Amino acid sequence: MDPVPPPSLRRTPVQQRSAERLARILDACAELLDETGYEQLSTRAVAVRAGVPIGSVYRFFGNKRAMADALAQRNLDRYAERIAARLAAAGDVDAYSAIDGVLDEYIAMKRTVPGFALVDFGVPAPPAGEGPGEDANHLVADRLCGLLADHLGRTTDDVLRRKVLVGVEAADALLQLAFRTAPSGDPGLVAEIRELLYAYLAPSLT
């Protein structure tokens, strides 16, 4: 089973059958996000799509936000796994190739992973009457910082954490623009984002 943080789950599955049911629920959630959007998403619709009783959904999640939070965490886990696998397969890579991996894997997920366009690594709307939870870009930056530092032999320190966070924030805003401009991401804008990350991040990763 993909790891999901305890705050998103009422109950952590311990048996394979429960883990598979949880995966079906999250898969159904992702599909319905693409079809209906976050505002129209409902736990009942997810249960029907997943082919499970509504009680099974509520065993894991108290509401649709908790379900979307778990989907976002699964996306982040899978993103990190894809980057780690790419870096491991590439062997001895430089900072520019590492940046390519981070950017290309995100774009690939944006184009192909159900629900990712609305819930990549964070839920689009906070619960009524509550502030937003932990900032998604901080979570992404922390994970990327560790992956890149480990692979490139770079010490993780406050300077690198800040650089990676700024890079993530900038890339996030510009990638939104690229995908608003063209459904698969405007190639010209993606190229500009790549150059920006090269210039800003690569010196800190060497």
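Calculation rules
- Residues numbered from 1 in each chain as written.
- Predicted model: local features only at pLDDT ≥ 70, side-chain atom pairs only at ≥ 80, totals over all residues.
- Heavy atoms only, no water.
- Helix = DSSP H or I, 4+ residues; strand = E, 2+ residues; numbered from the N terminus.
- Rg over C-alpha atoms; globule rule 2.2 N^0.38 Å.
- Buried < 20%, exposed > 50% of the residue type's maximum accessible area, 1.4 Å probe, protein only.
- Contact = heavy atoms within 4.5 Å.
- Areas by Shrake-Rupley, 256 points an atom, 1.4 Å probe, with all protein chains shown as cover.
- Expected span 1.5 Å × (residues − 1).
- Salt bridge = Lys/Arg side-chain N within 4 Å of Asp/Glu carboxyl O.
- Patch = residues over 30% accessible without salt bridge, like charges linked within 9 Å, V, L, I, M, F, W, Y side chains within 5 Å.
- Core = buried A, V, L, I, M, F, W, Y, C linked by side-chain atoms within 4.5 Å.
- Axes fitted to C-alpha atoms, helices over the stretch in contact; angles between N-to-C directions.
- Left-handed = near helix turned anticlockwise from the far one by under 90°.
- Phe/Tyr/Trp six-rings, centres within 6.5 Å; stacked < 30°, edge-to-face > 60°.
- Lys NZ or Arg CZ within 6 Å of the ring centre and 35° of its normal.

Trainee: Would you mind going over the overall build of the protein with me for this structure?
Mentor: Helix and strand counts for the protein stand at eight helices and zero strands. Overall, the protein shows an N-to-C arrangement of helices and strands of α-α-α-α-α-α-α-α. Computed over C-alpha atoms, the radius of gyration of the protein comes to 18 Å, within 12% of the 17 Å expected from 2.2 N^0.38 for 206 residues, which places it in the range of a compact globule. Across its three principal axes, the protein shows a C-alpha extent of roughly 50 × 40 × 35 Å. Residues counted as buried form 45% of the 206 residues belonging to the protein. In the protein, 70% of the contacts between residues at least 6 apart in sequence involve partners at least 24 apart. As displayed, the protein offers around 10,500 Å² of accessible surface, 52% of which is attributable to carbon and sulfur atoms.

Trainee: Please clarify how helix 4 (residues 64–90) should be interpreted in this entry.
Mentor: Given 3.6 residues per turn, any residue in an α-helix points the same way as the ones three and four places further on. Here helix 4 contains 27 residues, and its C-alpha end-to-end distance of 39 Å stays within 8% of the 39 Å for a straight helix at 1.5 Å per residue. Just downstream of helix 4 lies G91, where phi reads positive at about 75°.

Trainee: What's the story with the pattern of salt bridges in this structure? I'm lost.
Mentor: Note that side chains of opposite charge can pair when their charged atoms are close. According to the stated counting rule, one finds 12 salt bridges in the structure shown. Close ionic contact of D27 with R74 constitutes a salt bridge, the shortest N to O distance being 2.7 Å. Of this pair, D27 sits in helix 1 (residues 16–36) while R74 sits in helix 4; the two residues are 47 residues apart in sequence, bridging distant segments of the chain. Under the relative-accessibility criterion, D27 is labelled partly exposed at 34%. A relative accessible area of 5% means that R74 is categorised as buried. Put simply, D158 and R161 hold a salt bridge, and the shortest N to O gap is 3.2 Å. With a gap of three residues between them, D158 and R161 both fall in helix 7 (residues 158–181), about one helical turn apart. Taken together, the shared-partner salt bridges in this structure form one network comprising R82, R86, D100, D104, E105 and R194.

Trainee: Explain a nonpolar patch on the surface here, please?
Mentor: There is a patch of nonpolar side chains on the surface, built from L174, L177 and L196 and spanning about 200 Å² of accessible area. Residue placement: L174 occurs in helix 7. Judged by its relative accessible area of 31%, L174 is partly exposed.

Trainee: I tried to follow the nonpolar core on my own but got confused; where do I start?
Mentor: A general feature of soluble globular proteins is that nonpolar side chains tend to end up buried together. Membership of the largest hydrophobic core comes to 39 residues, with the highest contact counts inside it found for Y79, F121, L144, V164 and L175. When residues of this core are traced back to their parent elements, those giving at least two are helix 4, helix 5 (95–112), helix 6 (136–152), helix 7 and helix 8 (187–205). Setting aside residues no more than four positions away along its own chain, L175 makes contact with L103, Y106, I107 and I193.

Trainee: So what exactly am I meant to see when it comes to the packing of helix 1 against helix 2 (residues 43–50) here?
Mentor: Each pair of packed helices can be summarised by the angle the axes make with each other and by the distance between the axes. In contact at an axis separation of 8 Å, helix 1 and helix 2 are set at 115° when each is read in the N-to-C sense. Read as a crossing pair, helix 1 and helix 2 show a hand that is right-handed. From helix 1, R24, I25, A28, C29, E31, L32 and E35 reach across to helix 2, where they touch A45, V46, R49 and A50.

Trainee: Hey, could you run me through the packing of aromatic side chains in this one?
Mentor: The description of an aromatic ring pair uses the distance of the two centres, along with the angle that the planes make with each other. Taken as a whole and judged by the stated rule, the model has seven aromatic pairs. K64 extends its terminal NZ or CZ atom over the ring of Y38, reaching a point 4.6 Å from the ring centre. Above the ring of F179, the side-chain terminus of K110 is found at 5.4 Å from the ring centroid.

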